[in-house]
Amino acid sequence: MPLLIVAALASALLVLYAAGSLPLAAGFAAAVLTAAALMVWYQRLYPPDVVSRDATPDWTVARAAADASTMAIAVTDRAGKLVCASDLFGEWFPGYPTPPAVTADEALSSSLASVARAAWRDGEARHEGLVQGALRLDVDVTRTGRTEEYLLWRFTPVRLPSALDDVHRFLTGEAGRQLGEAGIMAVMIGGEGRIRAANGAFLLRAAGRIDANITGRDFAAHMRVDDKGRLFLAREEQGGLPLHLLQVPLKRAAQPHGVQASAQDGPMLLLLIDEPSGGGGTSALSYIETLLSLLPFGLAMADRDGRMLFANHAFARAAGIKTGDKPSYPGDLVVREDQAAVADAVRRFAVGPQMSGDIAVRMRDNPDDPVALSLAGVRGLGEAAVLLSLKDNSEESMLKRQVAQATKMQAIGQLAGGVAHDFNNILTAIIGHCDLMLMRHTPGDSDYDDIQQVKSNSNRAAALTRQLLAFSRQQTLRPQILQLPDIVADVSTLLKRLLGENVKLDVTHGRNLGAVRADPGQMEQVIVNLAVNARDAMPEGGTLHIQTYAVPAARVREMRQQILPAADYSALRVSDTGLGIPPDILAKIFEPFFTTKELGKGTGLGLSTVYGIVKQSGGYIFAESELGRGASFVIYLPVHSGEAEQPAAPSAISARADTWGTGTILLVEDEDMVRAVAERALTRQGYKVLTANDGEQGLEVLAGGEEIDLLISDVVMPNMDGPAMVARARHTHPDLPVLFMSGYAEEQLRKSIDIANVAFLPKPFSVSQLAQAAREAMAQRSAAE
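Residues numbered from 1 in each chain as written. Predicted model: local features only at pLDDT ≥ 70, side-chain atom pairs only at ≥ 80, totals over all residues. Heavy atoms only, no water.

Things to note about the overall build of the protein
Part 1: What the protein contains, in helices and strands, is 23 helices and 30 strands.
Part 2: Every one of the 785 residues in the protein was classed for burial, and the buried ones make up 44%.
Part 3: Considering only intrachain contacts with a sequence separation of at least 6, the fraction spanning at least 24 residues in the protein is 61%.
Part 4: Summing over all exposed atoms, the protein offers an accessible surface of approximately 40,300 Å²; the carbon and sulfur share of this is 53%. (Helix = DSSP H or I, 4+ residues; strand = E, 2+ residues; numbered from the N terminus. Buried < 20%, exposed > 50% of the residue type's maximum accessible area, 1.4 Å probe, protein only. Contact = heavy atoms within 4.5 Å. Areas by Shrake-Rupley, 256 points an atom, 1.4 Å probe, with all protein chains shown as cover.)

Here it is as structure tokens:
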């Protein structure tokens, strides 16, 4: 402030000296002081931000917020380092691994890495169906931070339908009303004893109104026990009838084999019925059996000696009891090693206080999947002393097998694709050298036939790699908008010749099928492969049924198929009346090189090729079979609702007769054997060829000053790949035509090679195919000029 006053006085003296006016000098000094005072006041009112933009975030606050969430959360930086994670993340992924390496499955880790790259690029990405132990998780990845320098990973558990959901719908729906009309009160309670759901009969008698809301209230508060130990409804006071209470444990985690686990603190279904006026246990037991036969989940009763008295249909289905069979003891339903444990548990629950629990057992008809057998002691029902409950987990087991199979198939597919890529490089060199040698020989030479034989076998090997690429969903497809009945009609004539005289072909088509997007040639291959397998499964003749029909989204939801998303599909079913497929083989039929045919009669790639084509077309395929009653393969292809197809930027090269040319070609290929044969082939066609081992060397050659007429490059290379090299080369050579070549499929590489004025040549290729591709690529440039 003193400095401001001095400055004001100095300014006033200068004005007085210049203008000679005292009032003007005083006014100028006052204005300077006023402006200075306003600046000081503004700085005090709005102090400058002292927080640096580069300040390190307070991760303790972020971790506390993450722990408050019901999902597992992790944060990684641009270097891929884990900087923050919730406690739940550590529980689900022990050791706090850094995403995407949260699983030992290399295929899943690769998928998560792709999701991370997409999130860095697009801001967010998602992966569904990550399997971690008993959990199934959806993964959401979001780019975040003040300068968007972090990735936020959210792992959300997918809640699958459970027995509790089924019981809740049962009690609150039409079935619960019918139980009430039969005089049965039903209540579902949680492990803490609070009511979660009840049917109308219980609500009316316990609360006085059928629309009463008693959810969350203590069940015991609605009940009373007299001095004789009889149970009554508290609201009915002295005028009520005594009740029979039946407890059904609903959900317990499966324990290790043979370990007893109490279910006293788990959710339960409570069934209450009025005690018959005679009070006879036999009448009560008959009443209970009628009740249990109506329930949708498996229940049975046993006496004190462990003999089976009753089992409803759901229990018989879950236990694998055939119609007409009546096991004498519960132990007859399990494997021999578990029989003693079951018998001991039944005797223990039959005496002493009423209690409940469950044990893990292996059923005799399905020893590979342990199930939870729940037991509860009951009293006052005559001979009945133990209530047995068994959940039909066939759908859950099937879902687990499907998830495991899908994961295994994905891993095998990636392996097959990598093998096919490397093998294609080798075949390119072999076929190229064969072509070069054939140029020096003429038919009739001693070596000509041998070279032709080598080339022929190499082409057969190339066909084998194409099948591997089809299985791994990495082949080049030419999808079109088409109708499935048209494809079946086109291939029907061929099928009649393939099936022979003793197999009848029956084709039916549904109505209102939506159009699908698929490669017509590959879909014909799918039908042919399935038909040939069906023919081989009917050695004595039979009928092959081919059916097409529409599957709307509403029907998909009714199917409750966990793997098939709810959408509109056009379906293709291929069925036979042959021998069927054993269950142990059914899970392996889509694996490459798996075959049950005799040696030399099958490669084991037919069904794996079908699987790859269907999956790469965005569809789903399921196999159904019963021994002695044939097999069915059902293919679901999503209905296409988009506009007409747009031509892809890169296109495969068509054959041309004239392959001679002139000009300078830059050849970039990291495989020495492929580069050598391609260089010799192009040189023989009249081109000047410059070579490079990778993208960085290719850019150095381009910068050398020599005019390049065509760039031929592999797509996947170390250090710098082909697309990255082309993107940088286009800055200095915007009109340079490019021919990409790769052992991977064009479909797989489409996003990375989506560049203008680019053609694609799949490996393996012959010398003439390479020359034709170069000629056509350079001709396109000439036409553009």
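So that's the structure; there's more coming.
Notes on the packing of aromatic side chains
Part 1: Taken as a whole and assessed by the stated rule, the structure comprises nine aromatic pairs.
Part 2: With 6.4 Å between their ring centres and 80° between their planes, Y569 and Y620 make a pair best called edge-to-face. Placement of Y569 in strand β22 (residues 569-576) and of Y620 in strand β23 (residues 620-625) is noted, with a sequence separation of 51 residues between them.
Part 3: Summarising the aromatic geometry, the rings of F622 and Y636 are spaced 5.9 Å apart at their centres and angled 70° between planes, so their arrangement reads as edge-to-face. One end of the pair, F622, is in strand β23; the other, Y636, is in strand β24 (residues 631-638), and 14 residues separate them in sequence. The exposure classification of F622 matches that of Y636, with both residues buried.
Part 4: Within the aromatic cluster, the residues linked to one another by ring pairs are F89, F93, Y96, W153 and F155. (Phe/Tyr/Trp six-rings, centres within 6.5 Å; stacked < 30°, edge-to-face > 60°.)

Observations concerning the packing of helix α14 (residues 484-499) against helix α15 (residues 520-536)
Part 1: Where α14 meets α15, the closest approach of the two axes is 9 Å, and the angle between their N-to-C directions is 40°. By the angle between their directions, the pair α14 and α15 is classed as oblique. In this structure, α14 crosses over α15, and the sense of that crossing is right-handed. Counted together, L484, I487, V488, D490, V491, L494, L495, L498 and L499 of α14 and P520, M523, E524, I527, V528, A531, V532 and R535 of α15 form the full contact between these two elements.
Part 2: Here the residues of the contact of α14 with α15 sort into 14 nonpolar, no polar and three charged. (Axes fitted to C-alpha atoms, helices over the stretch in contact; angles between N-to-C directions. Parallel < 35°, antiparallel > 145°, perpendicular 65-115°, else oblique. Left-handed = near helix turned anticlockwise from the far one by under 90°. Nonpolar A, V, L, I, M, F, W, Y, C, P; charged D, E, K, R; others polar.)

Considering the sheet that holds β24
Part 1: Ordered by their spatial adjacency, five strands build an open sheet running β19-β21-β22-β24-β23, and the pairing between neighbours is mixed. Of all strands in the sheet, those bounded by a partner on one side alone are β19 (503-509) and β23. When the angles between neighbouring strand axes are averaged without regard to direction, this sheet yields 15°.
Part 2: Where β22 lies against β24, seven bridges are found, and the strand directions are antiparallel. (Pairing = 2+ DSSP bridges.)

Quick notes on the environment of L484
Part 1: Mapped onto the elements of the fold, L484 is located in helix α14.
Part 2: Note on L484: relative accessible area 3%, which makes it buried.
Part 3: The spatial distance from the C-alpha of L484 to the C-alpha of L572 is 7.5 Å, given a sequence separation of 88 residues.
Part 4: If near-sequence neighbours (up to four positions away) are discounted, L484 is found in contact with L513, V516, M523, T548, S570, A571, L572 and L637.

A word on α15
Part 1: The terminal C-alpha atoms of α15, which comprises 17 residues, lie 25 Å apart, in line with the 24 Å expected from a rise of 1.5 Å per residue.
Part 2: Where α15 is concerned, the buried positions are P520, Q522, M523, V526, I527, V528, N529, L530, A531 and A534. (Expected span 1.5 Å × (residues − 1).)

Section: the pattern of salt bridges
Part 1: According to the stated counting rule, one finds 18 salt bridges in the structure shown.
Part 2: When the shortest N-O distance is used, the salt bridge between D122 and R121 registers 3.2 Å.
Part 3: When the shortest N-O distance is used, the salt bridge between E148 and R143 registers 2.8 Å.
Part 4: Relative accessible area serves as the criterion here: at 35%, E148 is assigned to the partly exposed category.
Part 5: Residues joined in a network through salt bridges with shared partners are R126, E128, D138 and D140. (Salt bridge = Lys/Arg side-chain N within 4 Å of Asp/Glu carboxyl O.)

Things to note about the nonpolar core
Part 1: With 37 residues, the main nonpolar core has L544 and I546 as its most contacted residues.
Part 2: Setting aside its immediate chain neighbours within four residues, I546 contacts V488, L495, L505, D506, V507, T508, I527, L572, R573 and V574. (Core = buried A, V, L, I, M, F, W, Y, C linked by side-chain atoms within 4.5 Å.)

Considerations on a nonpolar patch on the surface
Part 1: A grouping of F423, I426, I430, V454 and M673 is seen on the molecular surface, where their side chains present a nonpolar patch of about 350 Å² in accessible area.
Part 2: Here the element with the most residues in the nonpolar patch is helix α12 (residues 394-438); it accounts for three residues.
Part 3: The exposure class assigned to I426 is partly exposed, which follows from its relative accessible area of 36%. (Patch = residues over 30% accessible without salt bridge, like charges linked within 9 Å, V, L, I, M, F, W, Y side chains within 5 Å.)

Describing the packing of helix α20 (residues 695-702) against helix α21 (residues 722-732)
Part 1: The interhelical angle for the contact between α20 and α21, taken along N-to-C directions, is 20°, at an axis separation of 9 Å. It follows that α20 is roughly parallel to α21 by the angle criterion. As α20 packs across α21, the resulting crossing turns out to be right-handed. Residues G695, G698, L699 and L702 of α20 form the contact with α21, whose own contacting residues are M725, R728 and A729.
Part 2: A per-class count over the contact of α20 with α21 returns four nonpolar, two polar and one charged.

What to know about helix α8 (residues 200-207)
Part 1: Every buried residue of α8 is listed here: A201, F202, L203 and A206.
Part 2: In this fold, the buried residues of α8 make contact with α7 (174-181), β6 (184-189), β7 (195-198), β8 (223-225), β9 (231-233) and β12 (268-274).
Part 3: At the exit of α8 stands G208, carrying a positive phi of roughly 90°.

Brief notes about the side chain of N312
Part 1: Structurally, the position occupied by N312 is in the loop between β14 (308-311) and α10 (313-319).
Part 2: Residue classification places N312 among the buried positions, given a relative accessible area of 3%.
Part 3: N312 has contacts with L292, S293, L295, F297, G298 and L299, leaving out every residue within four places of it along the chain.

With respect to the side chain of R143
Part 1: By secondary structure assignment, the location of R143 is in strand β4 (residues 135-144).
Part 2: In contact with R143, other than residues within four places in its own chain, are A119, W120, R121, D122, G123, E148, Y150 and L151.

A look at the environment of R136
Part 1: Within the element layout of this structure, R136 appears in strand β4.
Part 2: For R136, a relative accessible area of 26% translates into the label partly exposed.
Part 3: Separated by 19 residues in sequence, R136 and F155 place their C-alpha atoms 9.5 Å apart.
Part 4: Apart from the residues within four sequence positions on either side, R136 is in contact with G129, L130, T156, P157 and V158.

Concerning unusual backbone geometry
Part 1: The linkage connecting P99 with the following residue, P100, adopts the cis geometry, with an omega of 10°.
Part 2: As for its position among the elements, P100 is in the loop between α4 (87-92) and α5 (106-122).
Part 3: Here the amide bond leading from K763 into P764 is cis, since omega sits at -5°, within 30 degrees of zero.
Part 4: Relative to the helices and strands, P764 resides in the loop between β30 (758-762) and α23 (767-784).

Scope: geometric values only; no functional claims are made or implied.
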